[in-house]
Amino acid sequence: MQNILEFSEVLRLIEDRSAAFRAAIASAPDLDVQVPTCPDWTLRELAQHLGDGRRRQAAIVAAGPDAEPPARTDPKGAPTAPRDREALDAWLAESTELMLDALREAGPDRGCWTWWGRSQAPETSGAVARHQIQEIAVHTYDAQLTQGAAQPLPTDVAVEGVDEFLTTVSATTVPWPFKPATIDLHATEGRSWRLTLNADGVRCDDLAADAEPGDMAVRGAASELVLYFYERVPLDGLETTGDTEPMEQLADWDPNA
């Protein structure tokens, strides 16, 4: 795999996407409308989810490698996000800064609790920061979409997001329970990856330029790939070749069930 972004760049992208999310919330005429891609939530509940989640991640990173995660907050539970627009914006900004402060203090290599222990991603604060870019970026898309003004994920965020999802969410050492397969993913921005699915689990590697084609291939802009991974757009909106069954199986499979 190619090296991931420098830690300072990861933190910059978190700040950038957090500012874009706040802008989408600030410009929304009504915060009590449903979010089409998160139909159980309104925009206000999405904002609370994002703020509460960043505060929770700040606590996880600050607690270090041996701590259990704090309890999750139900966005429909006790309201902690202010209803006033200016106060909500300040609360969201503070939520992001609390997480960034914890990440800066920890640095990229310190261990901390994660939910992806059997993936290819390390259990470090740097990997948590990397995942946070995508959490915030996809929810920014959700907020923009609610207003009919969805924008593609920025190229640097999206290309990083494909790599991060494949190594953190898709990869596992849990044995693949279906027919072995290889899936090639091509971002039109110039990066390509291969997923190998077999009895050893699911493995992600950079795709060699001279590699023979896999059992199937998926091609699209990196933003489209990330949005597909997070179930914001369908697979049939991307260019595919070969048998799509392995990709559909992977999307439905829960290795921890």
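Not measured: the values here are computed from a predicted model.

K.L.:
Before we go on, may I ask you to explain the UniProt feature "domain: MDMPI C-terminal" (unreviewed entry) in the chain in this structure?
P.N.:
With numbering aligned to this structure, UniProt lists the feature "domain: MDMPI C-terminal" (unreviewed entry) at residues 156-245. Secondary structure content for residues 156-245 is 27% helix and 32% strand, while the C-alpha to C-alpha distance between its ends is 30 Å.

K.L.:
Explain the nonpolar core here, please?
P.N.:
When a protein is soluble and globular, its nonpolar side chains tend to lie buried together. By size, the foremost hydrophobic cluster in this structure holds 71 residues, and its most contacted members are Ile14, Leu185, Leu195, Phe229 and Met247. Ranked by residues supplied to this core, first place goes to helix 4 (residues 125-146) with nine residues. Once residues within four sequence positions are removed from consideration, Ile14 is found in contact with Thr96, Met99, Leu100, Leu103, Ala129, Gln132, Ile133 and Ile136.

K.L.:
Would you mind showing me how to read unusual backbone geometry here?
P.N.:
Peptide bonds are mostly trans, and most non-glycine residues show a negative phi. If you check the backbone angles, Glu231 has positive phi at about 60 degrees while not being a glycine. Looking at the element boundaries, Glu231 is found in the loop between helix 6 (222-229) and strand 7 (239-242). Judged by its relative accessible area of 67%, Glu231 falls in the exposed class.

K.L.:
Explain the side chain of Gln144 to me, please; I cannot follow it from the model alone.
P.N.:
Mapped onto the elements, Gln144 comes out in helix 4. Its relative accessible area of 10% is what places Gln144 among the buried residues. For Gln144, the residues in contact, after removing those within four places along its chain, are Ala24, Ala149, Ala150 and Gln151.

Conventions we followed
- Residues numbered from 1 in each chain as written.
- Predicted model: local features only at pLDDT ≥ 70, side-chain atom pairs only at ≥ 80, totals over all residues.
- Heavy atoms only, no water.
- UniProt positions renumbered as here; feature names shortened; annotations may be inferred.
- Helix = DSSP H or I, 4+ residues; strand = E, 2+ residues; numbered from the N terminus.
- Core = buried A, V, L, I, M, F, W, Y, C linked by side-chain atoms within 4.5 Å.
- Buried < 20%, exposed > 50% of the residue type's maximum accessible area, 1.4 Å probe, protein only.
- Contact = heavy atoms within 4.5 Å.

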